[in-house]
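So the chains spell out like this:
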Amino acid sequence: MNILVIQACRKRTLKDWAAQGKLILKKKALPKETPLVNVIAMQELATREALSYLG
């Protein structure tokens, strides 16, 4: 299992990854809210990709 430690990443790196589609971010309700990574959606996407690869 791959574990991504986000606390050690710079904010710019996370923004770049989100722009590249490597991270799925939850939409913020308020402008000053902390962006949250939608790990459940990323896991589902990885599962679908693995199943399609395996057949």
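Up top is the structure.
Described below are features of the structure shown in this document. Note that this is a predicted model, so its numbers are computed, not measured.

Cut-offs applied
- As a convention, each chain's residues are numbered from 1 in the sequence order in which they are written.
- The model is predicted, so local features are restricted to residues of pLDDT at least 70 and side-chain atom pairs to those at 80 or more, both for listing and for counting; the totals for chains, interfaces and linings are taken over all residues.
- Hydrogens and water molecules were not included; the side-chain quantities draw on all heavy atoms of the structure.
- Where helices and strands are cited, they refer to DSSP runs of H or I of at least four residues and of E of at least two residues respectively, numbered from the N terminus.
- To sort residues, take the accessible area from a 1.4 Å probe on protein chains only and compare it with the maximum for the residue type: under 20% means buried, over 50% means exposed, and anything in between is partly exposed.
- For salt bridges, the criterion is a side-chain nitrogen of Lys or Arg within 4 Å of an Asp or Glu carboxyl oxygen.
- In a helix, the anticipated span is given by 1.5 Å times the number of residues less one.

**Focus on the environment of V39**
Working step 1: Here V39 shows up in helix 2 (residues 39-54).
Working step 2: Overall, the relative accessible area of 55% leaves V39 in the exposed class.
Working step 3: The spacing of V39 and L25 is 14 residues in sequence and 8.7 Å in space, taken between C-alpha atoms.

**Let's talk about the pattern of salt bridges**
Working step 1: Overall, the coordinates contain two salt bridges when judged by the stated rule.
Working step 2: A salt bridge links R12 to D16, with the shortest nitrogen-to-oxygen separation between them at 2.9 Å. Pair noted here: R12 and D16 are both in helix 1 (residues 11-20), with a separation of four residues, about one helical turn.
Working step 3: R12 gets classed as exposed once you look at its relative accessible area, which sits at 54%.
Working step 4: Judged by its relative accessible area of 31%, D16 falls in the partly exposed class.
Working step 5: With its nearest N and O atoms 3.9 Å apart, the salt bridge here joins R48 to E44.

**Let's talk about helix 2**
Working step 1: In this model helix 2 runs 22 Å from its N-terminal to its C-terminal C-alpha over 16 residues, within 8% of the 22 Å that 1.5 Å per residue would give.
Working step 2: Counting buried positions along helix 2 yields zero of 16 residues, so the element is predominantly exposed.
Working step 3: After helix 2 finishes, the residue G55 shows a positive phi value of roughly 110 degrees.

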